Amino acid sequence: MSVIDVGGSVREGEELDVQAVEDWLKSQGVVLEGQVEVTQYSGGASNWTYRLKYDNTDLILRRPPKGTKAKSAHDMAREYTVQKNLAPFYPVLPEMIGLCQDESVLGCDFYVMKRIAGIIPRAKLPPELHFSEAQVHQLCVNVIDKLIELHQVPYQGTELEKLGKGEGYCRRQVEGWDQRFEKAHTLNVPTFKFVRKWLIDNIPTEDSATCLIHNDWRFDNVILDPEDPTQVIGVLDWEMATIGDPLMDLGSALAYWVEEKDSKIFKATRRQPTNMQGMFTRKQVVEYYLEKTGLQPVNWTFYEVFGIFRLAVIAQQIYYRYFHKQTNNPAFKDFWVIIHALHIRALKLIGMQKLEANEIAHKYMEKFKEILEK
């Protein structure tokens, strides 16, 4: 099927030393037949992902970008180990082939896994699928169910338990992302002063639960079955997986969830097809998740506002690099606008509980309109 996700040409400056990789794979006992076809996946702004297609096997190689100094930000060994240890409990993971920590091979850690052939749902579902509204709804439910299934994994007593740092996950996350924003702030974006204070003041006294969380749950991180594209057969990108609060995972996922009624800014930057007829609204996602898990948060708004702030920090960290000419990628030029829009969205959510936030949001929106009109 033509809609199956495949790689494209390898980007200039990101070429792979195929001979070195093949020599290493063979040393690990991997049998390779035929001439390799190497392509590269364009998705993602972090690690580099390559496809190595042989006559007898189809492989994926993941490595950090060149020049990476902070291994903690691109920890290949951790990502490999998480997937290898999780596979027995969560059968939608690629089969791990091997981890290389010998820097004489590629100059960095990397790992290789089996490719799962399927469809990756990005901003728009492939029109060739001819999805009905009922099929879109079923896809939506199945993706959320896979997140719920992950949150039920019995990690205690396994190697996965070592990912945890104990109670206080919510506080660590709020304080950590607050510090990251402070370091990446530029003068043309809001300070998030009110939002940041509100988050700190509203940190739950205890985590809602403790489980394995993905931490980057999006439709473009799942693989769909080509024979029945409503079914999830793979989950990718485990770089940020950890032991934490499941509602923080859900809140972070909802930050990417763009609805039909959302502003033009969010629709223009949408990365998944959540605006389609048949998809849940964000409110319906929360209701469905809480009903199926039985969790009863005292203040759901905290988790959703945290997700928005976290996404704003991620966008700001990328924009900071563009602002200071550390990258000239034109895709990052208008990220400051997205950050303003996220700020307004967070203030509106808080405003449902607090009149003061409503007043701030109203004044801010008027000011933001003036900025955009200039």
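I will try to describe carefully the structure that is included in this document. Worth saying up front: this structure is predicted, and the values here are computed from it rather than measured.

Cut-offs and rules
Residues numbered from 1 in each chain as written. Predicted model: local features only at pLDDT ≥ 70, side-chain atom pairs only at ≥ 80, totals over all residues. Heavy atoms only, no water. Axes fitted to C-alpha atoms, helices over the stretch in contact; angles between N-to-C directions. Helix = DSSP H or I, 4+ residues; strand = E, 2+ residues; numbered from the N terminus. Parallel < 35°, antiparallel > 145°, perpendicular 65-115°, else oblique. Left-handed = near helix turned anticlockwise from the far one by under 90°. Contact = heavy atoms within 4.5 Å. Nonpolar A, V, L, I, M, F, W, Y, C, P; charged D, E, K, R; others polar. Core = buried A, V, L, I, M, F, W, Y, C linked by side-chain atoms within 4.5 Å. Buried < 20%, exposed > 50% of the residue type's maximum accessible area, 1.4 Å probe, protein only. Polar contact = N/O pair within 3.5 Å; in protein donor to acceptor, adjacent residues only side chain to side chain. Pairing = 2+ DSSP bridges. Phe/Tyr/Trp six-rings, centres within 6.5 Å; stacked < 30°, edge-to-face > 60°. Lys NZ or Arg CZ within 6 Å of the ring centre and 35° of its normal.

**Notes on the packing of helix α7 (residues 246–254) against helix α9 (residues 282–293)**
α9 packs onto α7 with a crossing angle of 160° between their chain directions and a minimal axis gap of 11 Å. By the angle between their directions, the pair α7 and α9 is classed as roughly antiparallel. Once α7 is placed against α9, the crossing between them reads as right-handed. Packed against α7, whose contacting residues are Pro 246, Leu 247, Leu 250 and Leu 254, the element α9 presents Arg 282, Val 285, Val 286, Tyr 289 and Leu 290 at the interface. Its residues assigned to classes, the contact of α7 with α9 comprises eight nonpolar, no polar and one charged.

**What to know about the nonpolar core**
Membership of the largest hydrophobic core comes to 93 residues, with the highest contact counts inside it found for Leu 86, Tyr 90, Leu 199, Trp 217, Trp 238, Trp 257 and Phe 302. Here the element with the most residues in this core is helix α10 (residues 300–323); it accounts for 13 residues. In contact with Trp 257, not counting residues within four places along its chain, are Cys 140, Ile 144, Phe 219, Asp 262, Gln 272, Thr 274, Met 279, Phe 280, Thr 281, Arg 282, Val 285 and Arg 345. Core analysis: the second largest hydrophobic core is formed by 21 residues, Ala 20, Leu 32, Trp 48 and Leu 106 among them.

**Quick notes on helix α2 (residues 76–86)**
Looking only at α2, the buried set comprises Met 76, Ala 77, Glu 79, Tyr 80, Val 82, Gln 83 and Leu 86. Looking at the packing, one finds that the buried side of α2 touches β3 (58–63), β4 (96–100), β5 (110–114), α4 (133–151) and β6 (211–213). Of the residues flanking the start of α2, the one acting as N-cap is Asp 75, its side-chain oxygen 3.3 Å from the backbone nitrogen of Ala 77.

**Thoughts on the side chain of His 151**
With respect to the helices, strands and loops of the structure, His 151 is situated in helix α4. Relative accessible area serves as the criterion here: at 7%, His 151 is assigned to the buried category. Here Asp 249 takes part through its side chain, which lies 2.9 Å from a polar atom of the side chain of His 151. When neighbours within four sequence positions are excluded, His 151 is seen to be in contact with Cys 211, Leu 212, Ile 213, Pro 246, Asp 249 and Tyr 289.

**Description of unusual backbone geometry**
A positive phi is found at His 130, a non-glycine position, where the angle reads about 50°. Looking at the element boundaries, His 130 is found in the loop between β5 and α4. Residue class for His 130 comes out exposed when judged on its relative accessible area of 67%. The phi angle at Asp 237 is positive, at roughly 60°, despite the residue not being glycine. One can find Asp 237 in the loop between β8 (232–235) and β9 (242–244).

**What about the environment of Gln 135?**
By secondary structure assignment, the location of Gln 135 is in helix α4. Taking the C-alpha atoms as reference, Gln 135 lies 10.0 Å from Gln 277; in sequence the two are 142 residues apart. If we skip the residues at most four places from it in the chain, Gln 135 touches His 130 and Thr 230.

**What to know about the sheet that holds β4**
Note: strands within a sheet are paired through backbone hydrogen bonds, in either parallel or antiparallel orientation. Judged by pairing direction, the sheet is antiparallel, and its five strands sit side by side in the order β1-β2-β3-β5-β4 without closing on themselves. Edge positions in the sheet fall to β1 (37–40) and β4, since each has one partner strand and no second. With strand direction ignored, the average angle separating the axes of adjacent strands in the sheet is 20°. Sheet topology places strand β2 (residues 48–53) next to β3; six bridges connect them, and they run antiparallel. In the sheet register, Lys 53 faces β3, and the bridge partner there is Asp 58. Contacts between helix α1 (residues 18–27) and the sheet are confined to β1, β2, β3, β4 and β5, with β4 contributing the most and set at about 110° to the helix. Contacts from α2 reach β3, β4 and β5, with the element oriented near 155° to β4.

**Focus: the packing of aromatic side chains**
Under the definition given, this model contains 13 aromatic pairs. A centroid spacing of 5.3 Å and a plane angle of 70° characterise the contact between Phe 181 and Phe 192, whose relative ring orientation is edge-to-face. Taken as a pair, Phe 181 in helix α5 (residues 169–184) and Phe 192 in the loop between α5 and α6 (193–201) lie far apart in primary sequence, 11 residues in all. Aromatic side chains Phe 332 and Phe 335 sit 5.4 Å apart centroid to centroid with 65° between the ring planes, which places their arrangement in the edge-to-face category. Residue Phe 335 is classed as buried on the basis of its relative accessible area, which comes to 17%. Here the aromatic cluster, defined as three or more aromatic residues joined through ring pairs, consists of Phe 181, Phe 192 and Phe 309. Sitting over the ring of Trp 177, Arg 180 keeps its end group 4.4 Å from the ring centre. Across from the ring centre of Phe 266, 5.2 Å away, lies the NZ or CZ of Arg 345, which sits over that ring.

**Considering the packing of α6 against helix α11 (residues 335–351)**
Relative to each other, α6 and α11 sit at 50°, their axes nearing to 10 Å. Compared by their axis directions, α6 and α11 come out oblique. In the crossing of α6 with α11, the sense of the turn from one axis to the other is left-handed. Only His 343, Ala 346, Leu 347 and Ile 350 of α11 make contact with α6, whose side of the interface consists of Phe 194, Val 195 and Trp 198. Among the residues making up the contact of α6 with α11, the classes are represented as six nonpolar, one polar and no charged.

**Some remarks on the pairing of β3**
Among the six residues in β3, six count as buried, and that is most of the element. Covered by surrounding structure in β3 are Asp 58, Ile 60 and Arg 62 together with Leu 59, Leu 61 and Arg 63, the residues of both alternating faces. Bridge count between β3 and β5: four bridges; the pairing is antiparallel. Each residue of the ladder has a partner; that of Arg 62, found in β5, is Tyr 111.

That is the geometry; function is a separate question.
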